[in-house]
Amino acid sequence: MSYQVENVLSAQAELGECPVWSVREQVLYFVDILAPALHRFDPQSGKHQVFPVAEDIGCFGLNAQGGFVAALRSGVCMLDDHGHITQRIAPNPGDAERSRFNDGRVDRHGRFWCGSLWEPQDRNGGKLCRLDEHLTLTVQAEDIKISNGLAFSPDSRWMYQTDTPNGVLWRYPMDEQGEIGPREVLQRFVQEEGGLPDGAAVDSEGFYWAAMFDGSRVIRLDPADGRIVDEIPLPVRWPTMVAFGGEDLKTLYITSSREDRTAEELARYPQSGDVFAVRVAVAGIAEPLFQAK
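Keep in mind it's a predicted model, so treat the numbers as computed, not measured. (Residues numbered from 1 in each chain as written. Predicted model: local features only at pLDDT ≥ 70, side-chain atom pairs only at ≥ 80, totals over all residues. Heavy atoms only, no water.)

Here we take up the pairing of strand E8 (residues 75–79). With respect to burial, E8 is a largely interior element, five of its five residues being buried. Relative to E8, strand E7 (residues 68–72) runs antiparallel, the two sharing four bridges. Pairing of Ala-71 across the sheet is with Val-76, part of E8. Hairpin geometry of E7 and E8 is characterised by an intervening segment of two residues between the two adjacent antiparallel strands. Inspection of the sheet shows E8 paired to strand E9 (residues 85–91) by five bridges, in the antiparallel sense. Bridged to Val-76 within E9 is Ala-90. (Buried < 20%, exposed > 50% of the residue type's maximum accessible area, 1.4 Å probe, protein only. Helix = DSSP H or I, 4+ residues; strand = E, 2+ residues; numbered from the N terminus. Pairing = 2+ DSSP bridges.)

Take a look at the structure:
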């Protein structure tokens, strides 16, 4: 299939990440982790709002009670509609001076999952955490260098996660209580052969769409065996994550990065840090809301 990729927002984000489509508002939210800031983009009007956040914001989810649940460097918090901290829930279970939260999302039962990365990159010091409806944060998995690519199968039987520098896509069996079983490798990647897996989303057929960092593309993988069945070439080298949006959830939004790029690299890829959109044949799944009791 031939794809038409459109640059819909010249955000020039340092590290654009975590695009989340709000079905209620029909807008796209995303973050610039390092600015740090929460962005709101209305594709119909073109209106773009930027809300500064107090510290590095790795990921967030839409809160059923309004505002957002978010994983900041220091820990998990509640934010209001303008990115201000309204409640501190739990501290970062790692060393916040050398690790920060990164990729995450809300599962289909209303729980918030957030993974962290180990900044020195000298060991697998990242963690995968879950915030339940009682606002209890627990570590669910470790031995991760950079947690990325969190997504859930349409029937919620599987949770997917990537570890970008280790070039691996895992899946975990998951029950209705959000308990996960031992992970298994679904696919491995080599940077020189098309990039490494970053953020991701699952479509309504259960296929896994991953942004390939340093690979200038998004790929679609078969959930049965991890086989690549489709790809979308991009005009940037460092895409970071994807999200399904639009009224029919058939618009794939893609964030990107310009972090630590040289002047020569940015001259070759001047759209780095922007947000892109492309129409796809299969719809995504509406992003769930965090449900606290």
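From this point, things continue past the structure.
A few words on empty space enclosed by the protein. Under the defined criterion, the tally for this structure stands at one cavity of 30 Å³ or more. Estimates place the volume of the largest cavity at around 160 Å³. Lining the largest cavity are 15 residues, and of these Arg-105, Arg-108, Val-202, Ile-285 and Glu-287 sit closest to its centre. Secondary structure elements with two or more residues in the lining of the largest cavity: strand E10 (99–106), strand E14 (147–152), strand E18 (196–202) and strand E22 (239–245). (1 Å grid on protein atoms, 1.4 Å probe; cavity = no way out; pocket = protein on both sides within 12 Å on 5 of 7 lines; lining within 4 Å. Points joined across faces, edges and corners; volume = space filled by probe spheres on them.)

Right, let's get into the UniProt feature "binding site: a divalent metal cation" (unreviewed entry) in the chain. According to UniProt, the "binding site: a divalent metal cation" (unreviewed entry) feature falls on Glu-17, Asn-148 and Asp-198. Spanning 182 residues, the annotated positions come together in the fold, the maximum distance between their C-alpha atoms being 10.6 Å. Lining residues of the largest pocket drawn from the annotated list: Glu-17, Asn-148 and Asp-198. Its location among the elements puts Asn-148 in strand E14. Non-local contacts of Asn-148, meaning those with residues more than four positions away in its chain, are made with Glu-17, Asn-102, Asp-103, Gln-161, Thr-162, Thr-164, Pro-197, Asp-198 and Gly-199. Its location among the elements puts Asp-198 in strand E18. Take Asp-198: its relative accessible area is 5%, and that puts it in the buried class. Not counting chain neighbours up to four residues away, the residues in contact with Asp-198 comprise Glu-17, Asn-148, Gly-149, Thr-162, Thr-164, Ala-211, Phe-213, Pro-239 and Thr-240. One polar contact links Asp-198 to Asn-148, side chain to side chain, over a distance of 3.3 Å. (UniProt positions renumbered as here; feature names shortened; annotations may be inferred. Contact = heavy atoms within 4.5 Å. Polar contact = N/O pair within 3.5 Å; in protein donor to acceptor, adjacent residues only side chain to side chain.)

This part takes up unusual backbone geometry. Omega for the peptide link from Ala-35 to Pro-36 comes to -20 degrees, which places this bond in the cis form. Tracing the backbone shows Pro-36 in the loop between strand E3 (27–32) and strand E4 (37–41). Backbone geometry at Cys-18 places phi at a positive 50 degrees, although glycine is not the residue there. Locating Cys-18 in the fold gives a position in strand E2 (residues 16–22). Positive phi, normally seen in glycine, also occurs at Gln-26, with a value near 55 degrees. Within the secondary structure layout, Gln-26 lies in the loop between E2 and E3. Here Gln-26 falls in the partly exposed class, since its relative accessible area comes to 23%.

In spatial order, the strands read E14-E15-E16-E17; together these four strands make up an open sheet with antiparallel pairing. Two strands lie at the open edges of the sheet, namely E14 and strand E17 (184–188), each paired on one side alone. Here the average twist between neighbouring strands, direction ignored, is 25 degrees. Here strand E15 (residues 158–163) pairs with strand E16 (residues 168–173) via six bridges, running antiparallel. Of the residues in E16, the one forming a bridge with Trp-158 is Pro-173. (Axes fitted to C-alpha atoms, helices over the stretch in contact; angles between N-to-C directions.)

Attention shifts here to the nonpolar core. Of all hydrophobic cores here, the largest spans 34 residues; its most connected members are Leu-38, Phe-60, Val-76, Phe-112, Cys-114 and Leu-131. The dominant element in this core, judged by the number of residues it contributes, is E7, at five residues. Dropping the residues within four chain positions of it, Leu-38 is found in contact with Tyr-29, Phe-30, Val-31, Gln-49, Val-50, Phe-51, Val-53, Phe-60 and Phe-68. (Core = buried A, V, L, I, M, F, W, Y, C linked by side-chain atoms within 4.5 Å.)

Here we come to the UniProt feature "binding site: substrate" (unreviewed entry) in the chain. Under the UniProt annotation, the feature "binding site: substrate" (unreviewed entry) is placed at Arg-100 and Asn-102. When the annotated set is filtered for residues lining the largest pocket, what remains is Arg-100 and Asn-102. Apart from residues lying up to four places away in sequence, Arg-100 is in contact with Leu-15, Ile-33, Leu-34, Asp-56, Arg-73, Asn-92, Ser-116, Leu-117 and Glu-119. Engagement of the side chain of Arg-100 in a polar contact is seen with the side chain of Asn-102, the distance being 3.2 Å. Structurally, Asn-102 is set in strand E10.

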